[in-house]
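Now for the letters of each chain:
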Amino acid sequence: MNLSDSQTGGTRPRRVSAMEAVLSHLRGAIERGEYPVGDKLPSEAQLCRSLEVSRPVLREALRALQTMGLTVSRTGLGTFVVADAVEDPTFGDYAAGHLMEVRRHIEIPVAGYAARRRTTENLDRLARLLDRMERETDTTAWVAMDTLFHLAVAEAAQNPVFRRVIEEIRDALARQSAFLNELGGRREQSDREHRAIFEALTDGSERDAVDAMTHHLDRVETTLTDIVRPAPPHDEPQAV
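Residues numbered from 1 in each chain as written. Predicted model: local features only at pLDDT ≥ 70, side-chain atom pairs only at ≥ 80, totals over all residues. Heavy atoms only, no water.

What follows deals with the packing of helix H9 (residues 187-203) against helix H10 (residues 206-228). Close contact between H9 and H10 brings their axes to 8 Å; oriented N to C, the two are set at 165°. Here H9 lies roughly antiparallel to H10, going by the angle between them. In the crossing of H9 with H10, the sense of the turn from one axis to the other is left-handed. On the side of H9, the interface is formed by Gln189, Ser190, Glu193, His194, Ala196, Ile197, Ala200 and Leu201, while H10 contributes Asp208, Ala209, Ala212, Met213, His215, His216 and Arg219. Residue composition of the contact of H9 with H10, grouped by class: seven nonpolar, five polar and three charged. (Axes fitted to C-alpha atoms, helices over the stretch in contact; angles between N-to-C directions. Helix = DSSP H or I, 4+ residues; strand = E, 2+ residues; numbered from the N terminus. Parallel < 35°, antiparallel > 145°, perpendicular 65-115°, else oblique. Left-handed = near helix turned anticlockwise from the far one by under 90°. Contact = heavy atoms within 4.5 Å. Nonpolar A, V, L, I, M, F, W, Y, C, P; charged D, E, K, R; others polar.)

In structure tokens:
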């Protein structure tokens, strides 16, 4: 079985990476009961041989399975199945559902305050950050700047408590961002959404800033839901 790059169906086909194909294959096998709860997955060497993928690709897929709550990795023992369905991914210390609930209650009003209170220095920093993000080709570097963007918006609200809250969930935000970019192809869309937030702050429009941040978080949640929702039978990406 060679899980090389392929394309998804739909109105806007997107390249499916080797990691996504491996993840889809293993997730499907777990959900179908081929690897029951409590079972240990085959070794990395065995999976690499059977799926004809490199170890780095396999390890990324295994990390995604663990984020989804389907498996746990036990040092020196291997990877074990702990659930047969995805409930709520976990990013660091926080479940996705809890993280999204807090983000909506904090970041949406923060955007409104930032539109009213932002300084020239705040806007200059955000502009430089966005320009770098839109040119960046390295996903890891982009994810780091993604969290900096949300911190910078909180700083523009001129309330240190808001920044402290975003700082507290910064690691979870980075993990979520990496997850969505790897499995949801969110990066270009996210750049556009960030740009809309920035333009609203530049205009000093509280309403537009709130709307732009709401739209951004709506799209994040939609992508998460699309990833977590069980795929229909026979919807697994095919080898090419």
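After presenting the structure, the write-up continues.
Take Asn122: it is sitting in helix H5 (residues 120-135). Classification of Asn122 by relative accessible area gives buried; the value is 14%. Excluding residues within four positions of it along the chain, Asn122 makes contact with Glu155, Ala156 and Gln158. (Buried < 20%, exposed > 50% of the residue type's maximum accessible area, 1.4 Å probe, protein only.)

Between helix H4 (residues 96-117) and helix H6 (residues 139-156), the least distance of the axes is 7 Å, while the angle of their chain directions is 55°. The angle between H4 and H6 falls in the class oblique. Crossing geometry of H4 relative to H6 is assigned as left-handed. Contacts between H4 and H6 involve Arg103, Glu107, Val110, Ala111, Ala114 and Arg117 from the former and His150, Val153, Ala154 and Ala156 from the latter. Across the contact of H4 with H6, the residue classes tally to six nonpolar, one polar and three charged.

Looking now at helix H8 (residues 170-184). Helix length check: H8 (15 residues) gives 20 Å between terminal C-alpha atoms against 21 Å at 1.5 Å per residue, within 8%. Turning to H8, its buried residues are Ala172, Leu173, Gln176, Ser177, Phe179, Leu180, Asn181 and Leu183. Directly beyond the C-terminal end of H8, a positive phi value near 55° is found at Gly185. (Expected span 1.5 Å × (residues − 1).)

With that settled, the discussion passes to the pattern of salt bridges. All told, the structure shown has 16 salt bridges when counted by the stated rule. Across the pair Arg104 and Asp218 runs a salt bridge whose closest N-O atoms are separated by 2.7 Å. Taken together, the positions of Arg104 in helix H4 and Asp218 in helix H10 put the pair 114 residues apart, joining distant regions of the chain. Here Asp218 falls in the partly exposed class, since its relative accessible area comes to 31%. Between Arg186 and Glu193 there is a salt bridge whose closest N-O contact spans 2.7 Å. As far as burial versus exposure is concerned, Arg186 and Glu193 are alike and both buried. Three or more residues are tied together by salt bridges with common partners; here these are Arg125, Glu155, Arg163, Glu167 and Arg170. (Salt bridge = Lys/Arg side-chain N within 4 Å of Asp/Glu carboxyl O.)

Together, Glu199, Asp203, Asp208 and Asp211 make up a negatively charged patch on the protein surface. Taken together, the elements giving at least two residues each to the negative patch come down to H9 and H10. Considering the arrangement of structural elements, one finds Asp211 in helix H10. (Patch = residues over 30% accessible without salt bridge, like charges linked within 9 Å, V, L, I, M, F, W, Y side chains within 5 Å. Areas by Shrake-Rupley, 256 points an atom, 1.4 Å probe, with all protein chains shown as cover. Lys, Arg positive; Asp, Glu negative; His and termini not counted. Charge placed at Lys NZ, Arg CZ, Asp CG, Glu CD.)

This paragraph deals with the packing of aromatic side chains. Evaluated as defined, the whole model comprises two aromatic pairs. Seen in terms of ring centroids, Phe91 and Phe179 are 5.4 Å apart; in terms of plane orientation they differ by 65°. Their pairing is edge-to-face. Taken together, the positions of Phe91 in strand E5 (residues 90-91) and Phe179 in helix H8 put the pair 88 residues apart, joining distant regions of the chain. There is no split in this pair, since Phe91 and Phe179 are both buried. Here the aromatic rings of Tyr113 and Phe162 are separated by 5.8 Å at their centres, their planes lie at 25°, and the arrangement is stacked. One end of the pair, Tyr113, is in helix H4; the other, Phe162, is in helix H7 (residues 160-168), and 49 residues separate them in sequence. Between the NZ or CZ atom of Arg74 and the centre of the ring of Phe80, over which it lies, the distance is 4.6 Å. (Phe/Tyr/Trp six-rings, centres within 6.5 Å; stacked < 30°, edge-to-face > 60°. Lys NZ or Arg CZ within 6 Å of the ring centre and 35° of its normal.)

Detailed reading of the predicted coordinates is not advisable wherever pLDDT falls low. Overall, the predicted model of the chain reaches an average pLDDT of 88, with 89% of residues at or above 70. Here residues 4-11 scores under 50 on pLDDT; set against residues more than four positions off or in separate chains, the count is 19 contacts. Segment residues 234-240 is flagged for pLDDT under 50; beyond a separation of four residues in sequence, or across chains, it makes 12 contacts in the model. (pLDDT = per-residue confidence, 0-100.)

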